[in-house]
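Survey of secondary and tertiary structure
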Amino acid sequence: MQVAIGRPGELRTALRWRPEWPLALLTILAWVLLIAWALWPDGHAGTHAGHGMTVHAGHSYGTAFAAWSVMSAAMMLPLALPAVRFVAFNSVKARRNRAIAVYVVSYLAVWLAFGAIALATERGLTSAVGNERHLVLAVVLITASLWQISSGKRRALLNCHATVPLPPFGLRADVASARFGALHGWRCLRSCWALMLVMVVMGHAGIVALGAMVTIALLLMLEELGEDGTNVLFPSAAILSLAAGLAASGVLLA
Amino acid sequence: MAWNTNDLTTATGAPNAVSNPAAYVFDAQGTQHVVYRSADNHIRELWWDAAGWHQGDLSATTGAPAATGDPAGYMLDAQGTQHVVFRGADNHIHELWWDGGGGWHWGDLSAGTGAPNSASNPAGYMFDTQGSQHVVYRSADNHIRELWWNNSGWHHGDLSATTGAPAATGDPAGYMFNAQGTQHVVFRGADNHIHELWWDNAGWHWGDLSAATGAPAAAGNPAGYMFDAQPTQHIVYRGADNHIHELWWNNAGWHHNDLSAATTAPAASGDPAGYVFDAQGTQHVIYRGTDNRVYELWWNASGWHLVDLTTAAGAPAAGDPAAYVFDAQGTQHIFYRGADNHVREFWWSADVTQQTFIRREIWGLEGATTFDPVTLAYAKAIQVMQARPATDPTSWTYQGGIHAAWTVPPPGATWNACEHQSWFFLPWHRMYLYYFERIVRKEVLAAGGPTNWALPYWNYDRAFPGNTIPPAFRAATLPDGTANPLFLASPRRSAALMAGGQVPATATTSTQAMNNTSFSLASAAPSFGGGRVGPAHFGGALGDLESTPHNVMHPTIGGPTIGQCAGGMMTDPACAALDPIFWLHHANIDRLWNRWLALGGGRANPTQAAWLNQSFVFRDENGASVTLTGAEVVNSAAQLGYVYDDAPTPDAVALSAVSMSDDTPTPSPEPGPPEMVTGTEEPLVLAGNTQSVTLTTPPGPPSDAVSDAATDDNKRLFVTVDDITADQDPGLAYAVYVSGPSGERHHVGNVSLFGIEAMNDPNRRHNGAPGFQHVFDITDAVNRLRNAGTFDPSQVTVTFEPIRILPPPGEQLPADAQDVGAVPPVRIGRVALHVQ
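Residues numbered from 1 in each chain as written. Chains lettered and ligands numbered in written order. Predicted model: local features only at pLDDT ≥ 70, side-chain atom pairs only at ≥ 80, totals over all residues. Heavy atoms only, no water.

From N to C terminus, chain B includes 22 helices and 41 strands. In chain B, which comprises 836 residues, the proportion classed as buried is 60%. In chain B, the proportion of contacts linking residues at least 24 apart, taken out of those at least 6 apart, comes to 61%. (Helix = DSSP H or I, 4+ residues; strand = E, 2+ residues; numbered from the N terminus. Buried < 20%, exposed > 50% of the residue type's maximum accessible area, 1.4 Å probe, protein only. Contact = heavy atoms within 4.5 Å.)

All right, on to the overall build of chain A then. Within chain A one finds nine helices and zero strands. Going residue by residue from the N terminus, the α and β elements of chain A occur as α-α-α-α-α-α-α-α-α. Of all 254 residues assigned to chain A, the portion counted as buried reaches 49%. Here the contacts in chain A between residues at least 6 apart in sequence split such that 79% fall between residues at least 24 apart.

Residue and element names in this part refer to chain B. Spatially, the four strands line up as an open sheet ordered β18-β19-β20-β21, and their pairing is antiparallel. Strands with a single pairing partner mark the edges of an open sheet, and in this sheet they are β18 (223–227) and β21 (253–258). Across the sheet, the axes of successive neighbouring strands diverge by a mean angle of 20°, strand direction being ignored. Relative to strand β20 (residues 244–250), strand β19 (residues 232–238) runs antiparallel, the two sharing six bridges. Bridge pairing links tyrosine 237 to histidine 245 in β20. (Pairing = 2+ DSSP bridges. Axes fitted to C-alpha atoms, helices over the stretch in contact; angles between N-to-C directions.)

Our next topic: the interface of chain A and chain B. Each side of the interface is counted separately: chain A has 28 residues, and chain B has 36 residues. Counting every contact that joins chain A to chain B gives three salt bridges. Ionic pairing is found between A:Arg96 and B:Glu675, a salt bridge with its closest N-O pair at 2.9 Å. At the junction of chain A with chain B, the criterion picks out six residue pairs in polar contact (both at pLDDT 80 or more). When residues of the side of chain A that touches chain B are traced back to their parent elements, those giving at least two are α1 (8–16), α3 (61–89) and α6 (151–159) of chain A. Ranked by residues supplied to the side of chain A that touches chain B, first place goes to α6(A) with four residues. For the side of chain A that touches chain B, the residue count by class is 13 nonpolar, seven polar and eight charged. (Salt bridge = Lys/Arg side-chain N within 4 Å of Asp/Glu carboxyl O. Polar contact = N/O pair within 3.5 Å; in protein donor to acceptor, adjacent residues only side chain to side chain. Nonpolar A, V, L, I, M, F, W, Y, C, P; charged D, E, K, R; others polar.)

Quick look at the packing of helix α5 (residues 133–148) of chain A against helix α7 (residues 170–202) of chain A now. Each pair of packed helices can be described by the angle between their axes along with the distance between the axes. Residue and element names in this part refer to chain A. It is the contact of α5 with α7, at a shortest axis distance of 9 Å, that shows an interaxial angle of 165°. The angle between α5 and α7 falls in the class roughly antiparallel. In this structure, α5 crosses over α7, and the sense of that crossing is left-handed. On the side of α5, the interface is formed by Arg133, Val136, Leu137, Val140, Leu141, Thr143, Ala144, Trp147 and Gln148, while α7 contributes Arg190, Ser191, Trp193, Ala194, Leu195, Leu197, Val198, Val201 and Met202. Taken together, the residues that form the contact of α5 with α7 break down as 13 nonpolar, three polar and two charged. (Parallel < 35°, antiparallel > 145°, perpendicular 65-115°, else oblique. Left-handed = near helix turned anticlockwise from the far one by under 90°.)

Bringing the pattern of salt bridges into the picture now. Where charged atoms of side chains with opposite charge meet at close range, the side chains can pair. Residue and element names in this part refer to chain B. Per the counting criterion, the structure on display carries 32 salt bridges over all chains. A salt bridge links arginine 344 to aspartate 7; the shortest N-O distance between them is 3.4 Å. Taken together, the residues span a long stretch of sequence, with arginine 344 in strand β28 (residues 343–349) and aspartate 7 in strand β1 (residues 3–7) at a distance of 337 residues. By relative accessible area, which is 17% here, aspartate 7 ends up buried. Among the ionic pairs, aspartate 646 bridges to arginine 595, the shortest N-O distance being 2.7 Å. Taken together, the residues span a long stretch of sequence, with aspartate 646 in the loop between β32 (642–644) and α19 (652–656) and arginine 595 in helix α16 (residues 581–598) at a distance of 51 residues. The two residues aspartate 646 and arginine 595 agree in class, both being buried. Within this structure, Arg359, Arg430, Glu437, Arg441 and Asp590 form a network of salt bridges that share partners.

Residue and element names in this part refer to chain B. Relative to the elements of secondary structure, tryptophan 154 occurs in strand β13 (residues 153–158). Considering only alpha carbons, one finds tryptophan 154 and histidine 134, 20 residues apart in sequence, at a separation of 9.2 Å. Every residue in contact with tryptophan 154, bar those within four places of it in the chain, is listed here: Tyr74, Glu95, Leu109, Thr113, Gln133, Val135, Leu147, Trp148 and Trp149.

A word on the side chain of B:Ser260. Residues and elements named next belong to chain B. Structurally, the position occupied by serine 260 is in helix α6 (residues 259–263). Among the polar contacts listed, one links the side chain of serine 260 to the backbone nitrogen of isoleucine 244, at a separation of 2.7 Å. In contact with serine 260, not counting residues within four places along its chain, are His243, Ile244 and Ala265.

Below, the discussion takes up the state of the cysteines. Residue and element names in this part refer to chain A. Scanning all chains against the criterion turns up two disulfides over all chains. Linked covalently through their sulfurs, cysteine 160 and cysteine 188 form a disulfide whose S-S length is 2.4 Å. Here the S-S torsion is close to 125°, and the disulfide linking cysteine 160 with cysteine 188 is therefore right-handed. Residue cysteine 160 is located in the loop between α6 and α7, and its partner cysteine 188 is located in helix α7; the two are separated by 28 residues in the primary sequence. Among the cysteines around cysteine 192, which has no disulfide bond, cysteine 188 carries the closest sulfur, lying 5.6 Å off. A residue is classified by how much of its surface remains accessible, and cysteine 192, at 1% relative accessible area, is buried. (Disulfide = S-S within 2.5 Å.)

What follows is about the pairing of strand β16 (residues 194–200) of chain B. Residue and element names in this part refer to chain B. The buried fraction of β16 is high, at five of seven residues. Pairing analysis gives six bridges linking strand β15 (residues 182–189) to β16, with the strands arranged antiparallel. Bridge pairing links valine 185 to leucine 197 in β16. Between β15 and β16, which pair antiparallel in sequence order, lie four residues; one of them, asparagine 192, sits at a positive phi of approximately 65°. Pairing of β16 with strand β17 (residues 203–208), which is carried by six bridges, proceeds in the antiparallel orientation.

Let us look at a nonpolar patch on the surface. Residue and element names in this part refer to chain A. On the surface, Leu11, Leu15, Trp21, Leu25, Ile28 and Val32 cluster together into a nonpolar patch covering about 550 Å² of accessible area. Looking at the nonpolar patch, the elements with two or more residues in it are α1 and α2 (21–39). Here the element with the most residues in the nonpolar patch is α2; it accounts for four residues. Here leucine 25 is to be found in helix α2. (Patch = residues over 30% accessible without salt bridge, like charges linked within 9 Å, V, L, I, M, F, W, Y side chains within 5 Å. Areas by Shrake-Rupley, 256 points an atom, 1.4 Å probe, with all protein chains shown as cover.)

Moving on: the nonpolar core. B:Tyr378, B:Trp458, B:Phe473, B:Phe528, B:Trp583 and B:Phe618 are the most contacted members of the largest nonpolar core, which totals 87 residues. Excluding residues that lie within four positions of it along the chain, B:Trp583 makes contacts with B:Tyr378, B:Trp396, B:Tyr432, B:Leu433, B:Phe436, B:Leu455, B:Pro456 and B:Ala577. (Core = buried A, V, L, I, M, F, W, Y, C linked by side-chain atoms within 4.5 Å.)

All right, on to the sheet that holds strand β2 (residues 22–26) of chain B then. The strands making up a sheet associate through backbone hydrogen bonding, with each pair oriented either parallel or antiparallel. All names here are of chain B. Reading across the sheet, the four strands line up as β2-β3-β4-β5 and stay open at both edges, with antiparallel pairing between neighbours. The open sheet has two edge strands, β2 and β5 (52–57), and neither has a second partner. On average, each strand axis in the sheet is inclined to that of its neighbour by 20°, with strand direction left out of account. In this sheet, β5 lies alongside strand β4 (residues 43–49) in antiparallel orientation, the contact comprising six bridges. Bridged to leucine 46 within β5 is glutamine 55.

All names here are of chain B. Throughout the structure, instances matching the rule amount to 39 aromatic pairs over all chains. Between phenylalanine 528 and tryptophan 596, the aromatic rings sit 4.1 Å apart at their centres with planes inclined by 5°, giving stacked as the arrangement. Here phenylalanine 528 is found in the loop between α13 (511–515) and α14 (544–558), whereas its partner tryptophan 596 is found in helix α16, with 68 residues between them in sequence. Taken individually, phenylalanine 528 and tryptophan 596 each receive the classification buried, so the pair is uniform in this respect. Taking 5.0 Å as the distance between ring centres and 75° as the angle between the ring planes, the aromatic pair formed by phenylalanine 582 and tryptophan 583 counts as edge-to-face. Each member of the pair, phenylalanine 582 as well as tryptophan 583, is classed as buried. Put simply, the rings of Trp396, Trp428, Tyr432, Tyr434, Tyr435, Phe436, Phe582, Trp583 and Phe618 pair up and form one aromatic cluster. (Phe/Tyr/Trp six-rings, centres within 6.5 Å; stacked < 30°, edge-to-face > 60°.)

On to helix α8 (residues 207–225) of chain A, then. Residue and element names in this part refer to chain A. A rise of 1.5 Å per residue sets the reference length of α8, with its 19 residues, at 27 Å; its end C-alpha atoms lie 26 Å apart and thus fit the reference within 8%. Looking only at α8, the buried set comprises Ala209, Leu210, Ala212, Met213, Ile216, Ala217, Leu219, Leu220, Glu223 and Glu224. Looking at the packing, one finds that the buried side of α8 touches α2, α3, α5, α6, α7 and α9 (233–248). (Expected span 1.5 Å × (residues − 1).)

With that settled, consider the packing of α3(A) against α7(A). All names here are of chain A. As a packed pair, α3 and α7 sit with axes 11 Å apart at the nearest point and diverge in direction by 145°. The hand of the α3/α7 crossing is right-handed. Of α7, the residues touching α3 (which contributes Trp68, Met71, Met75, Met76, Leu79, Ala80, Ala83, Phe86 and Val87) are Phe180, His184, Met196, Met199 and Val200. Within the contact of α3 with α7, the residues separate by chemical class into 13 nonpolar, one polar and no charged.

Next up, the structure:
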C-alpha cells in the first residue's frame, strides 16, 4: 500500500498498516548472517562449495543445525509475513505482540524439527554413499521437480493459505496462535519439503549453496505470496530438472 | 422497430419552427441539412456532420429578406454547392446558396431573371443529365414557372404557356429521372387532377396523369421521386378521400395505385413526401395522419407495408414531413414540425447497432402475456445457441464456460475467466453481458425478431409478484410447442422459486451497496465495487453490491448443488451462466451500477490505471476474439450503446436510508487499520437454522473503545465473519443482523458461500485461502440501536438467519416445494467486532 511519508505521524500510520515490519527486519538480519556464513564458513574465506552440513566435512552436527536454524529463519519467515499480518489484525491490541511471537516460535519450530530429522538422516546416508553425494543431490532435485507439478503440491499450496480463527482473550488465544503457527508450518512443509531437502544436501557453505538458497527462497516467495502462485509450478519444475542434470554430472558438488 | 427519434430543436438550441421543414443531403461535404422558417421569418438551418447537429441562421448570415411559407433545399452535384430556396414576403423567389470558398450567399432570383412574383412555395432539384439546377413555383396567374440555372446563369421560363397546361393550384414539385435523362414537374391543377410537365431532348411536354390513369381527385400537393433501380418514377398525393394515392410509371406507361387501401392505412392530412432507399432496394412514402401521427408506407419485393412511426416515442406532428436517405451512413431520415413547434426527426439505421438499445424490466415486458416479443425472441435465440457445439464461441456452452465450467475448455478458449471479489467484478460482467447480448441479438434479427432487442433485466427488489421468478421462466413450453429453454425444473433451480415463491427483501435489497460512496478502497473496509486486488477468479476483496444482492441471489435462485450442474445451477459459478436467468440477474446488477453513479455525492468509478487499463478477452457475435478495458465501459450509453428503461434519477428510498442522523460522512482517508476489540471463542456451524452469538467486550478500555466509536462520527464499527468454510454451497444465504441485549435487530448484510467450490479447488485460479471472510459495516445499525436506547457496547448480538423463499401472499407452497429443512453445513470460525 502506497502511503507517502511526510511527517512522523504518517510513518506511524503506515507502520500500523504493516504490522509485520519487525519480522521483515528479522528476516533481513537472518539473510545477512546467512550470507556471511556462506562466504566465511569457518571464520576464514574459503570456497569449499557444497561440502554439506555433514559431520565428516568438518562441521559438527551442532554447527550444521545452527546454520539450518538461521537458514530457516531467512527462507521461511518471508512466507509467514501474510500470516503475521493476519495474526496482528485479528488480535486485540493488548495481546498483539505476544500473539505474533507465539505464532513465529511455533512456526519456526516446525522447520527446526524438520531440519533436525533431515540432517541426521543425511548424515547416515552420506556415510553409506560417500563419494556419490552428487547423485543423491540429483535424485533430490528430480524429486523436487516431480513434486512441483503434482496435484499433491497444488492441494498443499492452497491449504498453505488457510488460516485459523483466533479467539480474542486468555489462554485460548495463546493456544490458537501456537496452533496456527504449527499448522501453518506443517502445511507449508507439506508444500515445500522437497525444496528444503535440496538445501539439506547442498548445505550452507559456499557460493553455489548461497545461490541455491537465494533461488529457492525466491521461488518459494513467488509460489506462496504471488497473486497466482500456480503459474510458477511448471517453470520451476523445468529449472529443477535442469539442475538435476547438472548435479548428476558433478558440476554442483565438488 | 429500428426507428429512433430525435428532437433537433432541443439538441441544437435552435428556435421553434413555424413552417414545414425541408431536408436534403449534401454529398460533397458528407453532411445532412434541414431548413425551416422561424417565427421571425428567418430561414434557419439544422445541419449535421461527424460532430453532430448544429444550427445556423441563414437569413442573418446572408442578409436575406423576410421569408414566408415553406423553404426547399437541394444539392447541385455538378458544382459541389447546396441551395435553399424560399418565397420572400415580397413574393420574390430568393435563393441562399453555399459554396466551399465563400460560405452562404443570397440571391434574389426573381429580380435577377425578371420572373413574375410567386403565389406558392418553391421547389428545387438538380438535373444531372444537364448539370443544371431548377426551381419551380406557381405564379399569381396560376402558371407553373421555372427558374433554371446553367453555366450562363439563371433563366426564367413559363412552363404552362410552353406546354399549354391547365391552371395550377397549390405548390409544384420537381425531380429528375436519370434512367430516361428526363426532368419532371408535377402539380395539382385547379381541376384537382395531377398534371405533369416533363422535359426531354425535344423540350417540355404536358400530360394529365389523373385522366391517363383514372386516378381519383387530389386534395393536396403532389410529391415525386425516381426509382432508378427499377427503373420507375413515382408521384404521390393525398386524394379527396384522404387516401394516399400513387401514380407510377414504367416502360408500359402510367399506372395508379391506392396505397392507403393496399395497406389499410389511416386517413391522411396535409401532403406526403417520398424517397427511395437504394441500398435496401425500398421506396418510402411518409405522411401525417388526421390523428397527427406520422405514418410510413414502404415498399419492397413483397409489396407495400404500413408502419406507424409515432409509436416509436415520437411527438405528435403539426405539419408535413420531409425525408431523405443518407447513403454515407446507410440511414434514412424523416423530419417534421411537432405540435410543440420543435423540428423532430425519425431516423432508421440499417446497422442496428447504431441505435441506443433499451434494456427493459422483465415484468414490465411480460405484463399481460407470458411470452412478449422480447422474451420470446430471447428464448428462440437460446435454442439456436444451445444447438451449437461447445467449440463454437457463440454457442451456449462456450459462452457459459467463459464464466466458469467443470468441463475441459476447447483448445485455445479463454474459459474460467469470471472476475469475482475484486474491483473488476462490475466491469468484467458488464463486458460479458455486452457481447452475449450481441450474440443473442444477431440470432434475434436472423429470426425476424424485434430489431431493437436488448437483454431484459429482473428487478427483484419489489413487492409481489416482482420478487418471484417471471412467468416465462416457469413455462415448460414455448407458444410454438417446443421445449422452453428458459425453464429449468427443480433441482436445477430452487423448487420453491419455481413454484412461484417470493424472494425476501433481505436478499434483494441494494440499500447497503448504494449507501457506500466509495467504489473501491485500499483497505479491506467494505466498498461498493470491491477491493483493489489483481485480476483473479475469486480475489478475496468482496464489494457490497457483489455481496448483496448478487451473491445472495445466486444460491437463492439455484438451491442446493448436486454434482456438476445436475442441481442448483445458479448456485455454482461453473454452471450459473448456463441458466438463462443468470443474464437477467446480471443485467440488474449492471443497472444498479449505473444507478449508483447517478446518485452522485462523490460516487465515481476508479481512476487508477490498474482498473482502467486492465483488459479482458471475450468473443463477439462472429466468434472473433475481442478485448475491452475498464476505461471503455464506464459509460454504458455512450460507449456500449445501451441504457436501462428506468431513468437514473436519485432513488428517494436509498437517500433516506443513508443515515438516521444527517449525512453519513464518507470514510475519509483511513487513519489506521481497524482494531479488533472482541470476538467469539468457538466456531459456529450453520445448517439452515437461525443462530446468534453475543460479542462481549470486557469493561475498561475495550468497552470504552466501542462506545467511543459509536458516538464519534469519524469512527466506524465493523463485524467480521471470519474463516467461513464449507464443503459445498448450502444453496441459500444467511442474513446477518445486529442487535442489543433487547429490542429490534438490524440487517447489516448477508453471508453467501457463492464461489466456495472455486475457493476449495486447488486447480482453480484464485487468490487467497480456502474459505471466505465477510466484513460488515455496522455503524449505521449501531446508530439506530443507540437512538432506540437499546445499544450496549459490551454486548453486541449477531444473528444468522437463513434466507428462505416465501410462499406467495396468502398461499402455501406445495409440500415438495417448500424452502425448509436442513442444508449442508457452513462453519464460521469466528465472529469479531472491530473499531476504526
